[in-house]
Amino acid sequence: MSYLLPTLTEKKEVDTIIRDTIDKVLVLRFGRADDAVCLQLDDILAKTAREVSKFATVALVDVDSEDVQVYVKYFDIILIPSTIFFFNAHHMKMDSGTADHTKWVGAFHGKQDFIDVLEAIFRGAMKGKLIVHCPLPSERIPRYQLLYKDV
């Protein structure tokens, strides 16, 4: 399903879409086109992209591209897929009860979960917030054990 959404492979493309997306939530999915979980998430994103087009823009970022490694390192993308949200070029964070508030790691359980998260981020951003509370119940939030080396 990744062919239905724009795929960004260059840093300049990512910079441009972050800078030029105004008054909408920008959803960037960092991952690979051949990964099973990424394909599951891409299916959800592609099915909902039209429904949320009035308040959100969805794009995919290929983590294997050498040119976008600066973003992969900056956002600490070690597990894929990782979904990052922006609003008016500001990185939106979400408190989902996990250790990492900067991104959503893993796939959503369904279309409605993704729409609920997007609406919460959009509403919070319109109120000037940079971090919002996740509207999903804790059993529908993917859990990953994060191990930090040399900390």
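Up top is the structure.
Now for a look at the structure at hand. (Residues numbered from 1 in each chain as written. Predicted model: local features only at pLDDT ≥ 70, side-chain atom pairs only at ≥ 80, totals over all residues. Heavy atoms only, no water.)

Thoughts on the pairing of strand 4 (residues 82-87)
Of all six residues in strand 4, six are buried; the element is thus mostly enclosed. Both faces of strand 4 are covered, namely the face carrying S82, I84 and F86 and the face carrying T83, F85 and F87. Pairing between strand 2 (residues 25-31) and strand 4: six bridges, direction antiparallel. From the neighbouring strand, V27 faces strand 4, where its bridge partner is F85. With two bridges joining them, strand 4 and strand 6 (residues 104-105) adopt antiparallel strand pairing. Of the residues in strand 6, the one forming a bridge with S82 is V105. (Buried < 20%, exposed > 50% of the residue type's maximum accessible area, 1.4 Å probe, protein only. Helix = DSSP H or I, 4+ residues; strand = E, 2+ residues; numbered from the N terminus. Pairing = 2+ DSSP bridges.)

Regarding the packing of aromatic side chains
Scanning all chains against the criterion turns up eight aromatic pairs. Aromatic side chains F87 and F122 sit 6.0 Å apart centroid to centroid with 75° between the ring planes, which places their arrangement in the edge-to-face category. With a gap of 35 residues between them, F87 in strand 4 and F122 in helix 4 (residues 111-126) connect regions that are remote in the sequence. Given the relative accessible area of 6%, F87 is considered buried. One aromatic cluster in this structure is built from F30, Y71, Y74, F75 and F86. (Phe/Tyr/Trp six-rings, centres within 6.5 Å; stacked < 30°, edge-to-face > 60°.)

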